[in-house]
Number of protein chains: 2
Amino acid sequence: MTALTTPFSGIWPALLTPLDANLDIDLDLFARHSRSLLAAGCTGITPFGTTGEGMSFSVAERRAAIDGLIARGVPAERIIVSTSCAALPEAVELTRHAVQVGAHGCLLLPPFFLKGVPDQGVIDAYRWVIDKVADARLRVYLYHIPQVSGVPLSHHVIDTLKRLYPQTIVGIKDSGCQREPSLALADKFMDDAMVYVGNELDLPALGARGSKGAISGVANVTPKLVARLVGQPDGPDAARDLARVTEFLQILGGYGLTAAFKGVMAILDDHPGWLRVRPPLVSLDDAELKKLRGQLQAFALDRSRD
Amino acid sequence: MTALTTPFSGIWPALLTPLDANLDIDLDLFARHSRSLLAAGCTGITPFGTTGEGMSFSVAERRAAIDGLIARGVPAERIIVSTSCAALPEAVELTRHAVQVGAHGCLLLPPFFLKGVPDQGVIDAYRWVIDKVADARLRVYLYHIPQVSGVPLSHHVIDTLKRLYPQTIVGIKDSGCQREPSLALADKFMDDAMVYVGNELDLPALGARGSKGAISGVANVTPKLVARLVGQPDGPDAARDLARVTEFLQILGGYGLTAAFKGVMAILDDHPGWLRVRPPLVSLDDAELKKLRGQLQAFALDRSRD
């Protein structure tokens, strides 16, 4: 593995994907948002995860968008690309591409169409990708989000992969959003592979156990707040920050999550490109947007602190 | 819509996908199996559904395999291609390809990565594919298999799509494998769109309600038996046939389903290409294969009747 120029620590927003009127990716807006998050102190960005509707875009679109971000000034080493696909040859193609352009790392789900698959099949799938990419520069973050993917990553799977590829498996993104399993994962694996939680409410608990960062959807909007939650879990703003993120998640919870995130961005950026989603998601309608606008005014986002 | 040269009725096995030692599709064996099923009286074949591990193969592999079947003597009009993908542009590409090569029709899932999506999003997704393919030759079979895809097709979704595209939506493959919902679907939609069930044990009940065929995994092995179950639900062999298929499914139920189907084919064909699966599935091991061999001997497959 080559020396890291960008550390794993800090906030890597689970990047939302703005769309143009044809529902193609708006690369200029995508890159502008990425650069603004880096300017706000994020270590990097994570495009094409679940919040970013990653699986709604073709392999060709995903490759072109990563190239487009880099061409527009986003440093490759500050990108963790979700290269997850149902078909392993396509996961290999995207993972190889990410390594070749110099991305910091890859966020990788197991194949997610078939359900009830054995642990050995999940291990075989990761081995397929890592062995075919066969590049010492590859850094993989295992992605656990069973309520969406339908395929959990057991401790046995993680442990086996970490033993097989100690240099390649560098972290675990745990978006299971269940505190006890998240803490168990941290207690078992934090020494060997950094555990990031996707549930912002669990960030202080994980930060206290040594988690150095987060891949977070909320960080698209409140990167500084999320950074303090995990980085300063006992800091002077801890109680206020947890209350703020709880309030923000309660607002979003009244809508479809990704559509709501995009609605927030559309309001804050005053740009319709944020509002659009690809099917099977549905954009907020006018009434929802109006309601959300009122809720956001009450929330009173403070860019200097949030 | 062009006149149909091959009717919808009859048995269309959910085709298993044999693999070579590199776990690439063995096109010669794939085509040979397809031709043998047609010779045994099947109306057509259905590659790349769930039993066929369809989502484990890349878009390029799936296109090439359909071309390869046709080049090896499988009539295009006897192929219903599963063109389902998580990303709509890729579903469009495969669906367009299937239409252009003259396939009988397409079996189409909603996008299956995101869960809990609204009905409107599922409708929008189907519209995306049908409107972008924009070809009067397109025939779509809606594919309902929520225990795997995670995205059910509600009556509202089916009804809306059938009204929007009365000529294009020609059937529903219901692999939900729950009898009451299957019967409700048949009662509501059989007049307008043929309902096929994927659960062989429900075939006589559906046949009695007018279902004219089946897309069936079991039909890879026992095509004649499956044909009688749905085509002659009150025929002289009905009780014996139902007992036979029940026994066969009980044998398979002791293993992972697709791996077990492939184990059966490996034993019957004496060919290791059938045994192989792509991760995240796992092949039967030697002990399982030995046990299965004994069970198959007791089952005593009769090619003339089964």
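Structural data are supplied above this passage.
Every value quoted in this text rests on a predicted model; they were computed, and no experiment measured them.

**Some words on the overall build of chain A**
- Secondary structure assignment for chain A yields 12 helices and seven strands.
- Against the 2.2 N^0.38 benchmark of 19 Å for 306 residues, chain A shows a C-alpha radius of gyration of 18 Å, consistent with a compact globule.
- Projected onto the principal axes, the alpha-carbon positions of chain A cover approximately 50 × 45 × 40 Å.
- The proportion of buried residues among the 306 residues of chain A is 60%.
- Sequence separation of 24 or more characterises 70% of the internal contacts of chain A that already satisfy a separation of 6 or more.
- Surface accessibility of chain A: about 11,100 Å² in total, with carbon and sulfur atoms responsible for 50%.
- Put simply, chain A has 31 plus and 33 minus side-chain charges, and the middle of one group is 2 Å from the middle of the other.

**Regarding the interface of chain B and chain A**
- Every contact between the two is made by 36 residues of chain B and, on the other side, 36 residues of chain A.
- Contact between chain B and chain A buries roughly 3,000 Å² in total, counting both sides, with carbon and sulfur atoms accounting for 76%.
- Along the contact surface separating chain B from chain A lie zero salt bridges.
- Applying the counting rule to chain B against chain A returns six residue pairs in polar contact (both at pLDDT 80 or more).
- Broken down by secondary-structure element, the contributors of at least two residues to the side of chain B that touches chain A are α2 (59-71), α3 (88-100), α4 (119-133) and α5 (146-149) of chain B.
- A total of six residues in the side of chain B that touches chain A trace back to one element, the largest contributor, which is α4 of chain B.
- Split by residue class, the side of chain B that touches chain A holds 23 nonpolar, eight polar and five charged.

**Points about helix α1 (residues 27-39) of chain B**
Residue and element names in this part refer to chain B.
- Between its first and last C-alpha, α1 extends 18 Å over 13 residues, near the 18 Å set by a 1.5 Å rise per residue.
- The opening residue of α1, the one whose side-chain oxygen lies 3.3 Å from the backbone nitrogen of D28, is D26.
- One or two residues past the end of α1 sits G41, with phi positive at roughly 105°.

**Topic: the packing of helix α6 (residues 155-164) of chain B against helix α7 (residues 179-189) of chain B**
Residues and elements named next belong to chain B.
- Where α6 meets α7, the closest approach of the two axes is 12 Å, and the angle between their N-to-C directions is 25°. As judged from the angle between their axes, α6 and α7 are roughly parallel. With respect to the hand of their crossing, α6 and α7 are arranged in right-handed fashion. Each of H155, I158 and D159 in α6 lies in contact with α7, whose residues at this interface are A184, L185, K188 and F189.
- When grouped by side-chain class, the residues that make up the contact of α6 with α7 number four nonpolar, one polar and two charged.

Conventions used here
- Residues numbered from 1 in each chain as written.
- Chains lettered and ligands numbered in written order.
- Predicted model: local features only at pLDDT ≥ 70, side-chain atom pairs only at ≥ 80, totals over all residues.
- Heavy atoms only, no water.
- Helix = DSSP H or I, 4+ residues; strand = E, 2+ residues; numbered from the N terminus.
- Rg over C-alpha atoms; globule rule 2.2 N^0.38 Å.
- Buried < 20%, exposed > 50% of the residue type's maximum accessible area, 1.4 Å probe, protein only.
- Contact = heavy atoms within 4.5 Å.
- Areas by Shrake-Rupley, 256 points an atom, 1.4 Å probe, with all protein chains shown as cover.
- Lys, Arg positive; Asp, Glu negative; His and termini not counted.
- Charge placed at Lys NZ, Arg CZ, Asp CG, Glu CD.
- Buried area = accessible area lost by both parts, 1.4 Å probe.
- Salt bridge = Lys/Arg side-chain N within 4 Å of Asp/Glu carboxyl O.
- Polar contact = N/O pair within 3.5 Å; in protein donor to acceptor, adjacent residues only side chain to side chain.
- Nonpolar A, V, L, I, M, F, W, Y, C, P; charged D, E, K, R; others polar.
- Expected span 1.5 Å × (residues − 1).
- Axes fitted to C-alpha atoms, helices over the stretch in contact; angles between N-to-C directions.
- Parallel < 35°, antiparallel > 145°, perpendicular 65-115°, else oblique.
- Left-handed = near helix turned anticlockwise from the far one by under 90°.

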